Amino acid sequence: MAGLPRRIVKETQRLMQEPVPGISAIPDDSNARYFHVVVAGPEGSPFEGGVFKLELFLPEDYPMSAPKVRFITKIYHPNIDKLGRICLDILKDKWSPALQIRTVLLSIQALLSAPNPDDPLANDVAELWKVNEVEAIRNARDWTRTYAMGN
Amino acid sequence: MAAWLLRVWHWWGSWLYWLMWGGGSTARTSGLPVTIRTEQGQNLSVHIQLTWDMRQVQSAVLAQLGLPAATPIRLILAGRRLAPEVRVGDCDLGAGTTLHAIRVLTHCPEQADDGTQHRPLNQSLVDLEISGGARTQPASSPEAQARRLAHFYVYCDAPCHALQPGKLRVRCASCQDGGIVLAGEPTGWSDVLVPDRIQGTCNLAACPTRGTLSWARFYFKCASHPASEDTPPLYLIRSNLYDVPCLACLDVGQPVVVFECPEKHVSCVECFQNYCRTRLNERQFQLHPDHGYTLPCPVGCADSLVRETRHFKLIGDHDYERYQRFGTEEFVLQSGGVLCPRPDCGMGIIMDEPCRRVVCENGCGFAFCRDCLQGYHIGECEAQTETECSNAAQSLMAVGENAVRARSDVRLMAVGENAVRARWVNADPSSLAIQLTTKPCPKCRTPTERSGGCMHMVCTKAACGFHWCWICQTEWTRDCMASHWFG
């Protein structure tokens, strides 16, 4: 871990020692700035029972710049597009160095519990979520079953 | 020779030791040359010892003045009459420090004798962060008491080029001399930074307010070398009294930057430097009408802008120069001015009247079109639509690293075989590339590159922040969301 800022070392240690319930974040063997993340679909959400893989990368000027996070597992969500990119203010202009990997992952977990179709990234999903929420939730469940279970 | 060297080393070594401990209570037997200024304005050079108390200093002064040893005099430093038992090593004295020696006169009104008046200012002031009623309980252990003493930091431009501990000094507002004894106790930074908050009695014969109350003016010096100039204090830099971890790196730094937000967020100095450099590279400093080109607390708290921009000197000379240039460019552009597009010029020009022909009068003399930033021409801007024209213009003048890079590229091109490369210069590959890969923000016209993601653009220029659509090149709307969010 030579050359790795102490903050990243500390955050990594804490993530390993006191993991966030429902979330695991494990640094890559060859790159301590790259994390393999797994988020469990929150209870009561259409993503319940799903296991979602994400990748998280800490850029060179972290924590002055936000981590880069992307869903790898396909997900039907109005704020996540088909490439897995996430529409979350704290990953963009609302980032602050006081936030951490932990808080970012908690926010993503919360986003799964409470989709925000008024600030969408996946437009067709968002549209359906507003027009026909029942069908949208059914789609989300289907996608969760198809892509996020059993692997 | 060896012995001489050794002695020099000993002298410096003990000096460094003494400086490191801020003139603490450690006794050292080194001579300290100080200046004694009398009430008549006479200066004496006196060598004193750090182990002496003020009684011994008084004797040395009286001997040098040729006065009887029993002559009652008082020594004044930083607004305080020093009690006879105060030790030299407990005052933040440095080589060349001026002490005032005042004969005790019967008509001179005596201050309330509460003891603190006789202790040096650096020993009686607790940290100025603690102001008004928010003072903490008196600390019991000597270490805790030492930590609670006031700590001041300055940015020393020369010779240190660094953040350094500062010394608080005081002078009389009327005669500008230091022979003043404070009548009140500064309790917060505002007492020290804002003029006319604390009064004192000036003792110098030449002072028009002698014997009556006059205003005290506080100022700071770098404590790391003798005879320093007045240096503005960096009042956000505080001694980390409560071992608060840095908001970014989580380490407990010493000293730290305490932002002025209600939460008083704390950053270590290194993370503050990184924060400033990152924001500078992104051109995210804000131009505030009163405070200048500045930043808020990194957490983004409201009302947390750094009000003393000299704190940004901490980013180092090179980046501070960039900071000043960016700030100036931002000011020129926000004032409706333009920057001269000539390579290596970049002069800021604010036109007196709205005229399309701009001449870089105090710079390179180039006459150019305000709209397209090409050499001045009559008629329409050539072979470019209005949008492209302003785009090209912005590509050279705009705030942004691209503009800077474009300029330096052009300069590199121009060096060498002029005849061959002249065409390259004319073609200006950098600005062409910028034209091809960017679109101007519809509001501020900053050339913007879309590196990926959706069509919803947010202008990264600090003063703009406009939400716009990459396809429509107008304000972002729900229609854009509905029809071409991803193109």
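About the criteria used
Within every chain, residues take consecutive numbers counted from 1 along the sequence as written. A letter from A marks each chain and a number from 1 marks each ligand, given out in the order of writing. In view of the model being predicted, local features appear only for residues whose pLDDT reaches at least 70, and side-chain atom pairs are presented and counted only at 80 or more, with totals across whole chains, interfaces and linings using the full set of residues. Where side-chain values are given, they derive from all heavy atoms of the structure, hydrogens and water being excluded. UniProt positions are given in the numbering used here, feature names are shortened, and annotations may be inferred rather than shown by experiment. Each helix is a run of H or I in the DSSP string that is no shorter than four residues. Each strand is a run of E no shorter than two, and both are numbered from the N terminus. Any two residues whose heavy atoms approach within 4.5 Å at even a single point are treated as in contact. In these tables, accessible area is a Shrake-Rupley quantity obtained with a 1.4 Å probe, and a residue counts as shielded only by the protein chains included in the view. Two strands pair if DSSP finds at least two bridges between them. Lines fitted to C-alpha atoms define the axes, with helix axes restricted to the stretch in contact, and inter-axis angles between N-to-C directions lie between 0 and 180 degrees. Note on aromatic pairs: the rings of Phe, Tyr and Trp (six-membered ring only in Trp) are paired at centre separations within 6.5 Å, and the planes decide the class, stacked below 30 degrees, edge-to-face beyond 60, tilted for the rest. Type-normalised accessible area, obtained with a 1.4 Å probe on protein chains alone, sets the label of each residue: buried when under 20%, exposed when over 50%, and partly exposed for intermediate values. We call a charge positioned over a ring when the NZ of a Lys or the CZ of an Arg lies within 6 Å of the ring centre and within 35 degrees of the ring normal. Once two parts are put together, the accessible area they lose, assessed with a 1.4 Å probe and summed over both, is termed the buried area. Salt-bridge detection follows one rule: a side-chain nitrogen of Lys or Arg within 4 Å of a carboxyl oxygen of Asp or Glu. We call two N or O atoms a polar contact when they sit within 3.5 Å, provided that within protein one can donate a hydrogen and the other can accept it, with sequence-adjacent residues counted only if both atoms are side-chain atoms. Note that Gly is not counted as nonpolar here; it falls among the polar residues with everything else outside the nonpolar set of Ala, Val, Leu, Ile, Met, Phe, Trp, Tyr, Cys and Pro and the charged set of Asp, Glu, Lys and Arg. By definition here, a helix of n residues has an expected span of 1.5 Å times n minus one. When describing relative orientation, an angle under 35 degrees is termed roughly parallel and one over 145 degrees roughly antiparallel, while 65 to 115 degrees is termed roughly perpendicular and anything else oblique. Two helices crossing with the near one rotated counterclockwise from the far one by less than a right angle form a left-handed crossing, whereas a clockwise rotation gives a right-handed crossing.

- The name given to chain B in an unreviewed UniProt entry is E3 ubiquitin-protein ligase parkin, and the organism recorded there is Tigriopus californicus.
- According to UniProt, the comment filed for chain B under the heading Pathway (unreviewed entry) is "Protein modification; protein ubiquitination."

- In the annotation of an unreviewed UniProt entry, chain A is listed under the name UBC core domain-containing protein and assigned to Tigriopus californicus.

**Quick look at the overall build of chain B**
And then number 1: When its secondary structure is counted, chain B shows 12 helices and 23 strands.
And then number 2: For chain B, restricting intrachain contacts to residue pairs at least 6 apart in sequence, the fraction spanning at least 24 positions comes to 53%.
And then number 3: Carbon and sulfur atoms make up 53% of the accessible area of chain B, which amounts to about 23900 Å² in all.

**Notes on the sheet that holds strand β2 (residues 43–49) of chain B**
Hydrogen bonds between backbone groups are what pair the strands of a sheet, and the pairing can be parallel or antiparallel.
All names here are of chain B.
And then number 1: Within the open sheet, the five strands sit side by side as β2-β1-β5-β3-β4. Their pairing is mixed. The open sheet terminates on both sides in strands that have one partner only, identified here as β2 and β4 (80–82). Recorded for the sheet is a direction-independent mean angle of 40° between the axes of neighbouring strands.
And then number 2: Across seven bridges, the pairing between strand β1 (residues 31–38) and β2 is antiparallel. Directly across from I36, in β2, lies its bridge partner L44.

**Digging into the packing of aromatic side chains**
And then number 1: What the rule picks out here adds up to 17 aromatic pairs over all chains.
And then number 2: When the centroid spacing of 6.3 Å and the interplanar angle of 25° are considered together, the rings of Y76 of chain A and W129 of chain A count as stacked. With a gap of 53 residues between them, Y76 of chain A in the loop between β4 (68–71) and α2 (101–113) and W129 of chain A in helix α3 (residues 123–131) connect regions that are remote in the sequence. Accessibility classification places Y76 of chain A together with W129 of chain A in one group, the buried group.
And then number 3: What links up through ring pairs into an aromatic cluster is the set F259, F272, F285, Y293, F312, Y320 and Y323 of chain B.
And then number 4: Over the ring of Y147 of chain A we find K74 of chain A; its NZ or CZ atom is 5.4 Å from the centre of that ring.
And then number 5: Sitting over the ring of Y219 of chain B, R171 of chain B keeps its end group 3.8 Å from the ring centre.

**Side note on the interface of chain B and chain A**
And then number 1: Between chain B and chain A, the residue contacts involve 19 residues of the former and 19 residues of the latter.
And then number 2: Interface area for chain B against chain A, summed over the two sides, is near 1600 Å², with a carbon-plus-sulfur share of 54%.
And then number 3: Along the contact surface separating chain B from chain A lie two salt bridges.
And then number 4: Between R6 of chain A and D251 of chain B there is a salt bridge, with its nearest N and O atoms 2.6 Å apart.
And then number 5: For the interface between chain B and chain A, the tally reads four residue pairs in polar contact (both at pLDDT 80 or more).
And then number 6: For the side of chain B that touches chain A, the secondary-structure elements that each account for two or more residues are α6 (269–281) and α12 (478–484) of chain B.
And then number 7: The leading source of residues in the side of chain B that touches chain A is α6 of chain B, at four residues.
And then number 8: Residue classes in the side of chain B that touches chain A are distributed as 13 nonpolar, three polar and three charged.

**As for the sheet that holds strand β2 (residues 34–40) of chain A**
Residue and element names in this part refer to chain A.
And then number 1: Read across the open sheet, the four strands follow the order β1-β2-β3-β4; overall the sheet is antiparallel. Each edge of the open sheet carries a strand with a single partner, namely β1 (23–27) and β4. For this sheet the average axis-to-axis angle between neighbouring strands, irrespective of direction, equals 20°.
And then number 2: Where strand β3 (residues 51–57) lies against β4, four bridges are found, and the strand directions are antiparallel.

**Notes on the UniProt feature "active site" (unreviewed entry) in chain A**
And then number 1: With numbering aligned to this structure, UniProt lists the feature "active site" (unreviewed entry) at C87 of chain A.
And then number 2: When you line up the elements, C87 of chain A lands in the loop between β4 and α2.

**Observations regarding the UniProt feature "active site" (unreviewed entry) in chain B**
And then number 1: As annotated in UniProt, the feature "active site" (unreviewed entry) corresponds to C454 of chain B in the numbering used here.
And then number 2: Among the structural elements, C454 of chain B can be located in the loop between β21 (447–449) and β22 (456–458).

**With respect to the pattern of salt bridges**
A pair can form between side chains of opposite charge whenever their charged atoms are brought close.
And then number 1: Summed over the entire model, instances satisfying the criterion amount to 22 salt bridges over all chains.
And then number 2: One salt bridge connects K94 of chain A with D93 of chain A, and the closest N-O pair in it is separated by 3.4 Å.
And then number 3: With a shortest N-O distance of 3.5 Å, R197 of chain B and D191 of chain B are connected by a salt bridge.
And then number 4: Put simply, R6 and K10 of chain A together with D251 of chain B are held in one network by salt bridges that share partners.

**So, α6 of chain B**
Residues and elements named next belong to chain B.
And then number 1: End to end, α6 covers 18 Å across 13 residues, agreeing with the expected 18 Å (1.5 Å per residue, within 8%).
And then number 2: Those residues of α6 that sit buried are V269, C271, F272, Q273, Y275, C276, T278 and L280.
And then number 3: Along its buried surface, α6 packs onto β7 (162–172), β11 (237–238), β12 (256–258), β13 (266–268) and α7 (317–334).
And then number 4: Positioned one or two residues after α6, R283 has a phi angle of 55°, which is positive.

**Considering the packing of α6 of chain B against α7 of chain B**
Residues and elements named next belong to chain B.
And then number 1: Taken N-terminus to C-terminus, the directions of α6 and α7 make an angle of 45°; their axes are 11 Å apart at the nearest point. When the interaxial angle is binned, α6 and α7 end up oblique. Where α6 crosses over α7, the handedness of that crossing is left-handed. In this structure, α6 contributes R277, L280 and N281 to the contact, and α7 contributes D319, R322, Y323 and F326.
And then number 2: The class makeup of the residues in the contact of α6 with α7 is three nonpolar, one polar and three charged.

**With respect to the environment of R277 of chain B**
Residue and element names in this part refer to chain B.
And then number 1: Mapped onto the elements, R277 comes out in helix α6.
And then number 2: For R277, a relative accessible area of 27% puts it in the partly exposed group.
And then number 3: Between the alpha carbons of R277 and T477 there is a distance of 34 Å; along the sequence they are 200 residues apart.
And then number 4: When neighbours within four sequence positions are excluded, R277 is seen to be in contact with L314, I315 and D319.

**Looking at the pairing of β2 of chain A**
One face of the sheet, then the other: side chains in a regular strand alternate in exactly this way.
Residue and element names in this part refer to chain A.
And then number 1: Side chains of β2 alternate between two faces, with F35, V37 and V39 buried and Y34, H36, V38 and A40 left unburied.
And then number 2: As judged from the five bridges shared by β1 and β2, these two strands associate in the antiparallel manner. Counterpart to I26 in the pairing with β2 is H36.
And then number 3: Between β1 and β2, which pair antiparallel one after the other, the connecting turn spans six residues.
And then number 4: Bridge count for β2 against β3 is seven bridges, and the pairing is antiparallel. Residue pairing across strands places V38 opposite K53, the latter belonging to β3.

**Here's the deal with unusual backbone geometry**
Residues and elements named next belong to chain B.
And then number 1: The amide bond that connects A158 to the next residue, P159, takes the cis arrangement and shows omega of 0°.
And then number 2: Positionally, P159 belongs in the loop between β6 (152–156) and β7.
And then number 3: Look at the link from Q254 to P255: it is a cis peptide, with omega at -5°.
And then number 4: Turning to its location among the elements, P255 is positioned in the loop between β11 and β12.
And then number 5: Positive phi, close to 55°, is recorded for Q473, a residue that is not glycine.
And then number 6: Within the secondary structure layout, Q473 lies in the loop between β23 (467–469) and α12.
And then number 7: Note on Q473: relative accessible area 29%, which makes it partly exposed.

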